Amino acid sequence: MRDTLVLNASFEPLSTVTLHRAVVLVLTDKAVVERAHPGLRMRAATLDLPVPQVIRLCRYVRVPFRRQAPWSRRGVLVRDRHRCAYCGRRATTVDHVVPKSRGGADSWLNTVASCAEDNHRKADRTPEQAGMPLLRQPFEPTPAHAMLLALGQDDLLGLPAWLGQGHGVVA
């Protein structure tokens, strides 16, 4: 499970890593804990470390610029917070606004999270043809926003305000 956010030395979100990888980075002095899970600590005979939620690398890592977050079914469900775009209930599938059989693509702007019932009811039609208006329009998240959303809604809302400033993160 990827549950620790990694920031560059410039506080720019880079990726998410497992808790084990985050602890290794901190113990080898390659990163510092910027935010820890409240009340949780890792203890050993010679170690007492807060459980990292956000770590920051000690040295700046140059990364190639990425304009778009890669599309994925999991990404769409996370972006829409597992809520159906048609009824608002828990979503388990991804629906194409313009069906693939009619030229619709696997893209951020053409896919929404959907419950199985609404996906089946809409079938091979557009929302207008099916009489099923979207509760919210699909959007394309920035790479940083997609990464933060992958950490979970509570973590996104609980992160410090400075993390969203100037890094393309929209809360």
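Up top you'll find the structure we're talking about.
For clarity, every value in this text was computed on a predicted model and none was experimentally measured.

1. Describing the pairing of strand E6 (residues 111-114)
Here's step 1: With burial as the criterion, each face of E6 is covered, one bearing Thr111 and Ala113 and the other bearing Val112 and Ser114.
Here's step 2: One ladder, built from four bridges, connects strand E5 (residues 93-96) with E6; its direction is antiparallel. Along E6, the bridge assignment pairs Asp95 with Val112.

2. Focus on the pattern of salt bridges
Here's step 1: The full count for this structure, using the stated rule, is eight salt bridges.
Here's step 2: A salt bridge links Glu34 to Arg56, with the shortest nitrogen-to-oxygen separation between them at 2.7 Å. Of the two residues, Glu34 sits in strand E3 (residues 31-44) while Arg56 sits in strand E4 (residues 47-57), which places them 22 residues apart along the sequence.
Here's step 3: Two residues, Asp48 and Arg43, come together in a salt bridge whose shortest N-O distance is 3.5 Å.
Here's step 4: Look at Asp48 and you get partly exposed, because its relative accessible area is 44%.
Here's step 5: One salt-bridge network, in which partners are shared between bridges, spans Arg41, Arg43 and Asp48.

3. A closer look at helix H1 (residues 19-27)
Here's step 1: Those residues of H1 not exposed but buried are Ala22, Val23, Leu25 and Val26. Looking straight down H1, one finds that the buried residues subtend no more than 160 degrees of arc, so they occupy a single side.
Here's step 2: Of the residues trailing H1, Asp29 is marked for its positive phi of about 60 degrees.

4. Some details on the nonpolar core
As a rule of thumb, soluble globular proteins bury nonpolar side chains together.
Here's step 1: In this structure, Val6, Val17, Ala22, Val23, Leu25, Val26, Ala31, Leu49, Ile55 and Leu57 together form the largest nonpolar core, which totals ten residues.
Here's step 2: In terms of residue count, H1 provides more of this core than any other element does, four residues in total.
Here's step 3: Those residues in contact with Leu25, other than ones at most four positions away along the chain, are Lys30, Ala31 and Ile55.
Here's step 4: Formed by nine residues, the second largest nonpolar core is a distinct cluster that contains Cys84, Ala85, Ala130 and Met132.

5. Observations regarding the environment of Val112
Here's step 1: You can see Val112 is positioned in strand E6.
Here's step 2: Along the backbone, Val112 and Asp95 are 17 residues apart, and their C-alpha atoms lie at a distance of 5.4 Å.

6. Quick look at unusual backbone geometry
Comment: phi is negative for the bulk of residues other than glycine, and the bulk of peptide bonds are trans.
Here's step 1: For Phe11, which is not glycine, the phi torsion reads 70 degrees and is therefore positive.
Here's step 2: Phe11 sits in the partly exposed class, given a relative accessible area of 28%.
Here's step 3: Unlike most non-glycine residues, His82 shows phi in positive territory, near 55 degrees.
Here's step 4: Residue classification places His82 among the partly exposed residues on the basis of a relative accessible area of 28%.

What counts, and where the lines are drawn
Residues numbered from 1 in each chain as written. Predicted model: local features only at pLDDT ≥ 70, side-chain atom pairs only at ≥ 80, totals over all residues. Heavy atoms only, no water. Buried < 20%, exposed > 50% of the residue type's maximum accessible area, 1.4 Å probe, protein only. Helix = DSSP H or I, 4+ residues; strand = E, 2+ residues; numbered from the N terminus. Pairing = 2+ DSSP bridges. Salt bridge = Lys/Arg side-chain N within 4 Å of Asp/Glu carboxyl O. Arc of directions from axis to C-beta. Core = buried A, V, L, I, M, F, W, Y, C linked by side-chain atoms within 4.5 Å. Contact = heavy atoms within 4.5 Å.

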